[in-house]
Amino acid sequence: VQLQASGGGLVPAGGSLRLSCAVSGRTESSDAMGWFRQAPGRDREFVAAITWSGGTTYYRDAVKGRFTIYRDSAKNATYLQMDSLKPEDTAVYYCAADMNRVGGPGSWAVPLGSWGQGTQVTVSS
């Protein structure tokens, strides 16, 4: 699988950004694809996921109501619309494919080769 992420940048608090991830190839048995983020000095954390059919979405509590994940199957791309951004959203954002649920709502497994390159999102206060 190959993933190409784009769309990061610097925005003031309250602003918006849209991240894009183009994906080619996937494991047919996997559940979803989505986004993770990693802030300096912190572990990578789950942000949002969408099933391959686009029928079900998942979000971490901190972004519910502000972020929206959606797919364009024709373009084989997944997007993360981020609104009402906060300084604590500052992180490197990674798209991921071949995600599989392994426990609770925020517990996902991602194979080592199914990560895209990161894109920096910086929200100024």
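The present account deals with the structure reproduced in this document. Fair warning: this is a prediction, and the values are worked out from it, not measured in the lab. (Residues numbered from 1 in each chain as written. Predicted model: local features only at pLDDT ≥ 70, side-chain atom pairs only at ≥ 80, totals over all residues. Heavy atoms only, no water.)

## Examining the overall build of the chain
And step 1. A count of helical and extended segments in the chain gives 0 helices and 11 strands.
And step 2. For the chain, the succession of helices and strands along the chain, N to C, is β-β-β-β-β-β-β-β-β-β-β.
And step 3. Its C-alpha atoms give the chain a radius of gyration of 13 Å, near enough to 14 Å, the size a compact globule of 125 residues would have.
And step 4. Overall, the chain is about 40 × 30 × 25 Å in size when its C-alpha atoms are taken along their principal axes.
And step 5. Looking at the chain residue by residue over its 125 residues, the buried ones come to 43%. (Helix = DSSP H or I, 4+ residues; strand = E, 2+ residues; numbered from the N terminus. Rg over C-alpha atoms; globule rule 2.2 N^0.38 Å. Buried < 20%, exposed > 50% of the residue type's maximum accessible area, 1.4 Å probe, protein only.)

## Digging into the pattern of salt bridges
And step 1. Here the structure, examined in full by the defined rule, presents 5 salt bridges.
And step 2. Glutamate 45 is the salt-bridge partner of arginine 37, the closest N and O atoms lying 2.7 Å from each other.
And step 3. Glutamate 45 sits in the buried class, given a relative accessible area of 18%.
And step 4. Overlapping salt bridges bring together Arg37, Glu45, Arg60, Arg66 and Asp89 as one network. (Salt bridge = Lys/Arg side-chain N within 4 Å of Asp/Glu carboxyl O.)

## What about the sheet that holds strand β8 (residues 77–82)?
And step 1. Ordered in space as β1-β3-β8-β7, the 4 strands form an open sheet in which the pairing is antiparallel. Of all strands in the sheet, those with a lone pairing partner are β1 (2–6) and β7 (67–72), marking the two edges. Going from strand to strand, the sheet's axes swing by 15 degrees on average, the running direction of each strand aside.
And step 2. Here strand β3 (residues 17–24) pairs with β8 via 6 bridges, running antiparallel. Residue pairing in the sheet places arginine 18 in a bridge with glutamine 81 of β8. (Pairing = 2+ DSSP bridges. Axes fitted to C-alpha atoms, helices over the stretch in contact; angles between N-to-C directions.)

## Structural notes on the state of the cysteines
And step 1. For the coordinates displayed, the defined rule picks out 1 disulfide.
And step 2. At a sulfur-sulfur separation of 2.2 Å, the disulfide partner of cysteine 21 is cysteine 95. In this structure, the disulfide formed by cysteine 21 and cysteine 95 twists by about 55 degrees around the S-S bond and is classed as right-handed. One end of the pair, cysteine 21, is in strand β3; the other, cysteine 95, is in strand β9 (residues 91–101), and 74 residues separate them in sequence. (Disulfide = S-S within 2.5 Å.)

## Some points on the side chain of aspartate 89
And step 1. Within the fold, aspartate 89 resides in the loop between β8 and β9.
And step 2. Judged by its relative accessible area of 1%, aspartate 89 is buried.
And step 3. In terms of polar contacts, aspartate 89 uses its side chain to reach the backbone amide nitrogen of lysine 86, at 2.8 Å.
And step 4. Setting aside anything within four residues of it in sequence, one finds aspartate 89 in contact with Arg37, Arg66, Phe67, Ser84, Val121 and Val123. (Polar contact = N/O pair within 3.5 Å; in protein donor to acceptor, adjacent residues only side chain to side chain. Contact = heavy atoms within 4.5 Å.)

## Re the nonpolar core
And step 1. Residues Met33, Trp35, Val47, Phe67, Leu80, Met82 and Tyr93 are the most contacted members of the largest nonpolar core, which totals 27 residues.
And step 2. Contributing elements (two or more residues each) for this core: β1, β3, β4 (32–38), β5 (45–51), β7, β8, β9 and β11 (119–124).
And step 3. Discounting residues that sit within four places of it in the chain, methionine 82 has contacts with Gly15, Ser16, Leu17, Leu19, Arg66, Phe67, Tyr93 and Val121.
And step 4. Counting 9 residues, the second-largest nonpolar core is a separate cluster that includes Phe36, Ala49, Met99 and Trp108. (Core = buried A, V, L, I, M, F, W, Y, C linked by side-chain atoms within 4.5 Å.)

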